[in-house]
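Given next are the chains, with one letter for each unit.
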Amino acid sequence: MANVPVEDGATGPIPRQKQGGRAVRCGQLRLLLTLPRQVREKKLTFLAQMHRNMAKEERDDDLKLYYSIGEVAERLGVNASQIRFWDKEFPHLKPSKNSRGERRFTKENIRQLEEIHHLLKDRGFTIEGARKAITNGKKTPAAKEEVIERLLAVRQRLQDLLK
């Protein structure tokens, strides 16, 4: 994740915003870099503050071992029935079930569901295509995006040093 200046002069990662229950990258970094410096700094300050607030919320969530299907559905911005369908279609996804048969998802299960969601919704893969991509173990575009963001942040820091 790219580091951005915050009010006290320190730097922090560009946060992810919650949009419709789904985490998305705040503003594309390229768009932020095209803004005038004062506007960009205001926006980055706002985003850094939002990131701090979200980090506080996530700390409470870190204590949980299992998440209900409703919590996972809200986090991904899909229906619970969609998650049940993905559970049947993707054999590597194995949430545990409690004594009443309710699915309980771990953080690893949620990461897998986020990958499935990205492949199906963002990249437009078919179920079969997403299944093949996951079994082949190819790097997901989300990982590539993160590397690109880091490189852009390094480029920006180097440009700032030259000024």
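Up top is the structure these notes are about.
Residues numbered from 1 in each chain as written. Predicted model: local features only at pLDDT ≥ 70, side-chain atom pairs only at ≥ 80, totals over all residues. Heavy atoms only, no water.

Let's talk about the environment of Leu-65
Counted only if it meets this: Strands are runs of DSSP state E lasting at least 2 residues, helices are runs of H or I lasting at least 4, and numbering of each runs from the N terminus. Here a residue-residue contact requires only that any non-hydrogen atoms of the pair lie within 4.5 Å.
Within the element layout of this structure, Leu-65 appears in the loop between α2 (37-62) and β5 (67-68). It is 9.1 Å that separates the C-alpha atoms of Leu-65 and Arg-104, two residues lying 39 residues apart in sequence. In contact with Leu-65, not counting residues within four places along its chain, are Phe-105 and Thr-106.

Here we look at the pattern of salt bridges
The line we're drawing: The rule for a salt bridge is simple: a side-chain nitrogen of Lys or Arg has to be within 4 Å of a carboxyl oxygen of Asp or Glu. Accessible area is worked out with a 1.4 Å probe on protein chains only. A residue is then buried under 20% of its type maximum, exposed over 50%, and partly exposed in between.
Using the criterion set out here, one finds 10 salt bridges in the structure. We note a salt bridge from Glu-114 to Arg-75, for which the minimum N-O separation is 3.7 Å. Pair noted here: Glu-114 is in helix α5 (residues 107-122) and Arg-75 is in helix α3 (residues 69-76), with a separation of 39 residues, a long-range link. Given a relative accessible area of 33%, Arg-75 falls into the partly exposed group. Close ionic contact of Arg-111 with Glu-115 constitutes a salt bridge, the shortest N to O distance being 3.7 Å. Residue Arg-111 and its partner Glu-115 are both found in helix α5; the two are separated by four residues, about one turn of the helix. For Arg-111, a relative accessible area of 39% puts it in the partly exposed group. Note on Glu-115: relative accessible area 18%, which makes it buried. Via salt bridges that share partners, Glu-89, Glu-128 and Arg-131 belong to a single interconnected network.

Thoughts on helix α4 (residues 80-89)
Using the following cut-off: This arc is built from the directions going out from the helix axis to the C-beta atoms.
All of the buried residues in α4 are Ile-83, Trp-86 and Asp-87. For α4, the arc enclosing every buried residue in end-on projection is 105°, short of the 170-degree limit, so these residues lie on one face. On its buried side, α4 packs onto α3, β7 (103-105) and α5.

Focus on the nonpolar core
Here is the rule we go by: Residues enter a nonpolar core if they are buried and are Ala, Val, Leu, Ile, Met, Phe, Trp, Tyr or Cys, with the set joined through side-chain atoms within 4.5 Å.
Val-72, Ile-83, Trp-86, Phe-90 and Leu-113 are the most contacted members of the largest nonpolar core, which has 19 residues in total. For this core, the elements supplying multiple residues, two or more each, are α3, α4, α5 and α6 (127-136). Looking at which element gives the most residues to this core, the answer is α5, with five residues. With sequence-adjacent residues up to four places away left out, Trp-86 is seen in contact with Leu-76, Val-78, Leu-93, Leu-113, Ile-116, His-117, Leu-120 and Lys-121.

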